[in-house]
Amino acid sequence: MNSEERSSAAGTGPRARASAWGILVGPAFLGLAAWLHLGNPPAEIPRQEPMRVDTRRLTTEPRRKPSELHDGRPLIFVNSFLRHCSECHNFPLSEVQIRNRQQHGHIVLEHGINDACHNCHDLSNMDQLILRGGRSIPYADVPELCRTCHGPTFQDWQRGIHGRVNGYWDATRGEQHHLRCVECHDPHRPRHPAMDPLVPLPGPNTLRMGDPRWRAGESHEGPEEDPLRRVTVQSREEDR
Amino acid sequence: MSAQESGRDGVTRRSFLRGGLGAAGGLAAVAAAVSPLRELDTGDLTLERLLQKHYKEMTPEDKERVLERIRNEVQQRFEVRPELRDLPPLPGVEFAYALNLGRCIGCRRCVHACVRENNQSRDPEIQYIRVLELPRGSVDVERSEHHYDHLRVPSPDHYYMPVQCHQCENPPCVKVCPVEATWKEPDGVIVIDYDWCIGCRYCAAACPYFARRFNYAEPSVPKEELNPDMNYLSNRPRRKGVMEKCHFCLQRTRAGRMPACLEVCPVGARNFGNLLDPESQVAQILKTKQIFVLKQDAATLPRFFYYFDQDM
């Protein structure tokens, strides 16, 4: 009787329910704690083997090493001997010799309309270059020669905004190394040759970009299932 | 009768059980919550690191203590004693970057030079720079492709756009950080205190350039490839669960040097310098070239400028 009165005063329903919850919640927390403590296996992240990049391919050296200058004159290999140009070119070349170019067959001349040796090389002294005015200049001053046609580029280069500048951006703290024209461009073939790209990035970080064709849902067929790999295979085939 | 008894003691069997179970559950939960503390002396987490202050609140002595701690940690982990410094921003300097899209051939030398310089994780791979391959005649980055893998680049009818952190003047990533673990330095570079980051990744979601990278797993860097030239706010080794991104190679640029991505570029497409110096190369480019920024409509005011310039 007494207890009935008491419980009715406090409200039997909510109180009983609350105590039932109390009994349930305690073990639930215990279970959660145990799971966090013991269970909780680490997530398996599928990922490809990382690609290694050879340090030698990350060189900061100039891309070209123009032929060695000795006394300001170039030295080139002729029949496995190092020679100055003037050691062979000590006699004037005939028109026919120049036009047919029987020597120096490995030199590919792809420089636009500038398609003749003596536009740049001084025929009277092969150890020097020649400006369009007829003035002879040493090989070390090659930017002077290039500027005669590539004026705006030369201006940019002087300001440091054409071509790479290695070293220090702050010239007061250290040396700036401005690469010269021929340290990047082959004067006979000034366009940059194509290069092999270093490996792309696979993985969860970049999956959201993916292949545009695959993302647009245009095509789901391909040589391989993985959309990332498919791009690779297809683009390689296009290259061949 | 029984009610009278219980009233006398104030404890019924039910309330005793309830209380006991609740207390045990609570204790277990607390134990689980503080379980990382068990690692205190055994490994990764030290009490010092746990109690470390925010970078901006550290006194010089605090900083030196923290740097020493990190040096020891790195030595323990990589068996290399790093040259760890905390280079301050230079007065009168605001960094800016300019990139000539007419020159870039998409060879990814910059990407991997950056990985090497900034001790990014090799497994899983983390890279700050993404080189987008775009069809010629459009600047629609939605149609770009950055997993291209040709035998030779540049591929015909494409051009390449490297994207890295733009160090925005109005950075959305800084605004969303709930703990101020990332902020803009006086020289304009957005930095991250890797010891303060809680790994919520809000900043990565806020960045319109997808420039931020998260360490989802414990980063791994081969011991022999570790770059010992380190700076607190830039390329010191990170841990799992923190954000990282391009910081214009602060360990180099605050010492006056060029960033690593620039020095390796085989076509010289990259330019870096002090925006406030009118004679600097970057200032010359801004003056003489037709520059543009990526996603101008996002109003982030990047410090990273692109231009097309393929003169003969």
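Residues numbered from 1 in each chain as written. Chains lettered and ligands numbered in written order. Predicted model: local features only at pLDDT ≥ 70, side-chain atom pairs only at ≥ 80, totals over all residues.

Asks: Quick question: what am I supposed to make of the overall build of chain B here?
Replies: When its secondary structure is counted, chain B shows 10 helices and 12 strands. In terms of C-alpha radius of gyration, chain B reaches 25 Å, well past the compact-globule figure of 20 Å for 312 residues. The principal-axis extent of the C-alpha atoms belonging to chain B is close to 105 × 45 × 40 Å. The buried share of chain B, reckoned over its 312 residues, is 42%. Within chain B, contacts between residues separated by at least 24 positions form 63% of all contacts whose residues are at least 6 apart in sequence. (Helix = DSSP H or I, 4+ residues; strand = E, 2+ residues; numbered from the N terminus. Rg over C-alpha atoms; globule rule 2.2 N^0.38 Å. Buried ≥ 20, exposed ≤ 12 C-beta atoms within 10 Å, placed from the backbone. Contact = placed C-beta atoms within 7 Å.)

Asks: Would you take a moment to explain the overall build of chain A for this structure?
Replies: Looking only at helices and strands, chain A has eight helices and seven strands in total. Expressed as a percentage of its 240 residues, the buried residues of chain A come to 13%. Long-range contacts, defined here as pairs at least 24 residues apart, represent 41% of the contacts in chain A between residues at least 6 apart.

Asks: Before we go on, may I ask you to explain the interface of chain B and chain A in this structure?
Replies: The accessible area lost on association of the parts is a frequent measure of interface size. Each partner contributes to the interface: chain B provides 61 residues, whereas chain A provides 60 residues. Secondary-structure elements contributing two or more residues to the side of chain B that touches chain A are helix 2 (13–33), helix 5 (109–117), helix 9 (260–264), strand 10 (270–274) and helix 10 (281–288) of chain B. With 11 residues, the top contributor of residues to the side of chain B that touches chain A is helix 2 of chain B.

Asks: Would you take a moment to explain the environment of Glu 244 of chain B for this structure?
Replies: Residues and elements named next belong to chain B. On the secondary structure map, Glu 244 appears in strand 9 (residues 243–245). According to the C-beta neighbour criterion, Glu 244 is buried, with 23 such atoms within 10 Å. Those residues within four positions of Glu 244 in sequence are excluded, and the remaining contacts are Ile 192, Arg 213, Asn 215 and Arg 238.

Asks: Where do I start with the domain arrangement of chain B in this structure?
Replies: Taken domain by domain, chain B comprises domain 1 (2–33) and domain 2 (95–307). The gap between the C-alpha centroids of domain 1 of chain B and domain 2 of chain B is 58 Å. (Domains from an automatic or database assignment.)

Asks: How should the pairing of strand 2 (residues 73–78) of chain A be read in this particular structure?
Replies: When a strand is regular, its side chains alternate between the sheet's two faces. All names here are of chain A. Bridge count for strand 1 (residues 69–70) against strand 2 is two bridges, and the pairing is antiparallel. In the sheet register, Leu 69 faces strand 2, and the bridge partner there is Pro 74. Joining the antiparallel neighbours strand 1 and strand 2 is a turn of two residues, in which Asp 71 adopts a positive phi near 55°. The hairpin turn running from strand 2 into strand 3 (residues 81–84), its antiparallel successor, is two residues long, and Asn 79 in that turn takes a positive phi close to 50°. (Pairing = 2+ DSSP bridges.)

Asks: How do you make sense of the environment of Asp 123 of chain B when you look at a structure like this?
Replies: Within the secondary structure, Asp 123 of chain B is located in the loop between helix 5 and strand 3 (130–135). Taking the C-alpha atoms as reference, Asp 123 of chain B lies 16 Å from Met 243 of chain B; in sequence the two are 120 residues apart.

Asks: When you look at the nonpolar core in this model, what are you seeing that I'm missing?
Replies: If you look at soluble globular proteins, the nonpolar side chains tend to sit buried side by side. Residue and element names in this part refer to chain B. Tyr 97, Cys 110, Cys 114, Ile 129 and Cys 261 are the most contacted members of the largest nonpolar core, which has 64 residues in total. Elements represented by at least two residues in this core include exactly strand 2 (95–100), helix 5, strand 3, strand 4 (158–163), strand 6 (190–192), helix 9, helix 10 and strand 12 (304–307). Among residues more than four places away in sequence, those in contact with Cys 261 are Cys 110, Ala 113, Cys 114, Ile 129 and Arg 270. (Core = buried A, V, L, I, M, F, W, Y, C linked by C-beta atoms within 7 Å.)

Asks: Please clarify how the sheet that holds strand 10 of chain B should be interpreted in this entry.
Replies: Hydrogen bonding along the main chain pairs the strands of a sheet, whether they run parallel or antiparallel. All names here are of chain B. With mixed pairing, four strands are arranged side by side in an open sheet as 10-2-12-11. Sheet topology places strand 10 and strand 11 (291–292) at the edges, where each strand pairs with a single neighbour. Pairing geometry for strand 11 and strand 12, over two bridges, is antiparallel. Bridge pairing in strand 12 places Ile 291 opposite Tyr 307.

Asks: Looking at this structure, how should I read the sheet that holds strand 2 of chain A?
Replies: Residue and element names in this part refer to chain A. Ordered in space as 1-2-3, the three strands form an open sheet in which the pairing is antiparallel. The strands lining the two open edges of the sheet, one partner per strand, are strand 1 and strand 3. Where strand 2 lies against strand 3, four bridges are found, and the strand directions are antiparallel. Bridge assignment links Leu 75 to a residue of strand 3, and that residue is His 84.

Asks: In this structure, what is going on with the confidence of the model for chain A? I would like to understand it.
Replies: Residues and elements named next belong to chain A. In this model, chain A carries an average pLDDT of 77, and 74% of its residues clear a pLDDT of 70 or more. Predicted confidence is poor over residues 203–220, with pLDDT under 50, and the contacts of this stretch with residues over four places away or in other chains come to 23 contacts. Predicted confidence is poor over residues 222–240, with pLDDT under 50, and the contacts of this stretch with residues over four places away or in other chains come to 28 contacts. (pLDDT = per-residue confidence, 0-100.)

Asks: Can you help me understand the confidence of the model for chain B in this one?
Replies: Low-pLDDT stretches of the model should not have their predicted coordinates read in fine detail. When pLDDT is averaged along chain B, the result is 90; 94% of the residues meet or exceed 70. Here the prediction assigns the complex a pTM of 0.78, and the interface score ipTM is 0.78.

Asks: Where do I start with unusual backbone geometry in this structure?
Replies: Apart from glycine, the bulk of residues carry a negative phi angle, and the bulk of peptide bonds sit in the trans form. Residues and elements named next belong to chain B. For the bond from Asp 123 to Pro 124, the omega torsion is 0°, close enough to zero to count as cis. Its place among the elements puts Pro 124 in the loop between helix 5 and strand 3. Geometrically, the link from Val 153 to Pro 154 is a cis peptide bond, its omega value of 0° lying close to zero. Topologically, Pro 154 is positioned in the loop between strand 3 and strand 4. With a phi angle near 65°, Arg 108 is a residue other than glycine that sits in the positive phi range.

Asks: Before we go on, may I ask you to explain helix 10 of chain B in this structure?
Replies: One turn of the α-helix equals 3.6 residues, which is why residues spaced by three or four share an orientation. Listing the buried residues of helix 10 of chain B in full gives Gln 281, Val 282 and Ile 285 of chain B. The arc that holds the buried residues of helix 10 of chain B, viewed along the axis, is 100°, so those residues lie on one side. Those residues of helix 10 of chain B hidden inside the fold are in contact with helix 5 (151–159) and strand 6 (165–167) of chain A together with strand 2, strand 10, strand 11 and strand 12 of chain B. (Arc of directions from axis to C-beta.)

Asks: Please explain the environment of Ile 105 of chain B as it appears in this structure.
Replies: Its place among the elements puts Ile 105 of chain B in the loop between strand 2 and helix 5. Assessed through the 23 C-beta atoms surrounding it within 10 Å, Ile 105 of chain B is described here as buried. Distance from Ile 105 of chain B to Ile 129 of chain B, taken between C-alpha atoms, is 14 Å for residues 24 residues apart in sequence. Not counting residues up to four positions away in its chain, the partners in contact with Ile 105 of chain B are His 192 and Met 195 of chain A together with Val 153, Pro 154, Tyr 160 and Val 267 of chain B.

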